[in-house]
Amino acid sequence: ARPRASPRLPRLVNIGSGDIEDGNLKLVLGLLWTIIYHYQVSQTFKDAGAAHGKKGGARDLLLEWVRSKIPEHNIKNFKTDWNDGRALASLVNVIGGEPEIFPHHKDFQSGAAKRNAKLAIDAAHEELGIPKILRTEDLTNPNLDELSMMTYISYFRTATRQDHEK
């Protein structure tokens, strides 16, 4: 009988040490995403294990969670729906709680995408302790990498407002 893979370890298929040594970019990037997905994205959901078998898995759970937090933005993806920075500012507000980090976030204009994105990324880092794994230019790019955005948003699931009175 073949031993079963540990449920705590990601399953690696079709990659060996030679692929890494040879610099097979596609397989190495796939390996990195598998590790990020397993240890960051899906770990933020208690029921993500069951979701692995479903189409979309943690991606769909993360989208559902985002929609529950900021329904007014009608988020449908991890690409273009975030480009103007307004949804991210709203998410920062919701996760940060009271008092609001951006009391006038509803006045943010879609035409000021870079300004909105910079304010939201900086506030997420300073107020919620979320690492700056995306730059303003990444967030406002219409070709925003979906996997990078999923990774970034997954940090919000466990974020809490930082205590600056130390």
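Residues numbered from 1 in each chain as written. Predicted model: local features only at pLDDT ≥ 70, side-chain atom pairs only at ≥ 80, totals over all residues. Heavy atoms only, no water.

Student: Hey, could you go over the overall build of the protein chain for me, with residue numbers and the actual values?
Tutor: Helix and strand counts for the protein chain come out as eight helices and zero strands. For the protein chain, the sequential pattern of α-helices and β-strands runs α-α-α-α-α-α-α-α. When the 166 residues of the protein chain are sorted by exposure, 39% land in the buried category. (Helix = DSSP H or I, 4+ residues; strand = E, 2+ residues; numbered from the N terminus. Buried < 20%, exposed > 50% of the residue type's maximum accessible area, 1.4 Å probe, protein only.)

Student: Can you tell me about the packing of aromatic side chains, naming the residues and giving the values?
Tutor: To describe a pair of aromatic rings, one takes the distance between the centres and the angle between the planes. By the definition in use, this model includes two aromatic pairs. Here the aromatic rings of Phe102 and Phe108 are separated by 5.5 Å at their centres, their planes lie at 65°, and the arrangement is edge-to-face. Overall, Phe108 belongs to the buried group, its relative accessible area being 9%. Measuring from centroid to centroid gives 5.5 Å for Tyr152 and Phe156, while their planes differ by 80°, and the two rings are edge-to-face. Grouping residues by exposure puts Tyr152 and Phe156 together as buried. Here Arg115 stacks its cationic end above the ring of Phe108, 5.2 Å away from the centre of that ring. (Phe/Tyr/Trp six-rings, centres within 6.5 Å; stacked < 30°, edge-to-face > 60°. Lys NZ or Arg CZ within 6 Å of the ring centre and 35° of its normal.)

Student: Describe in detail the packing of helix H4 (residues 58–69) against helix H8 (residues 146–154), supporting the description with residues and values.
Tutor: Packing of H4 against H8 leaves a shortest axis separation of 11 Å and a crossing angle of 55°. Accordingly, the angle class assigned to the pair H4 and H8 is oblique. Judged by the sense of rotation from one axis to the other, the crossing of H4 with H8 is left-handed. Residues Arg59, Leu62, Trp65 and Val66 of H4 form the contact with H8, whose own contacting residues are Glu146, Met150, Ile153 and Ser154. Its residues placed into classes, the contact of H4 with H8 shows five nonpolar, one polar and two charged. (Axes fitted to C-alpha atoms, helices over the stretch in contact; angles between N-to-C directions. Parallel < 35°, antiparallel > 145°, perpendicular 65-115°, else oblique. Left-handed = near helix turned anticlockwise from the far one by under 90°. Contact = heavy atoms within 4.5 Å. Nonpolar A, V, L, I, M, F, W, Y, C, P; charged D, E, K, R; others polar.)

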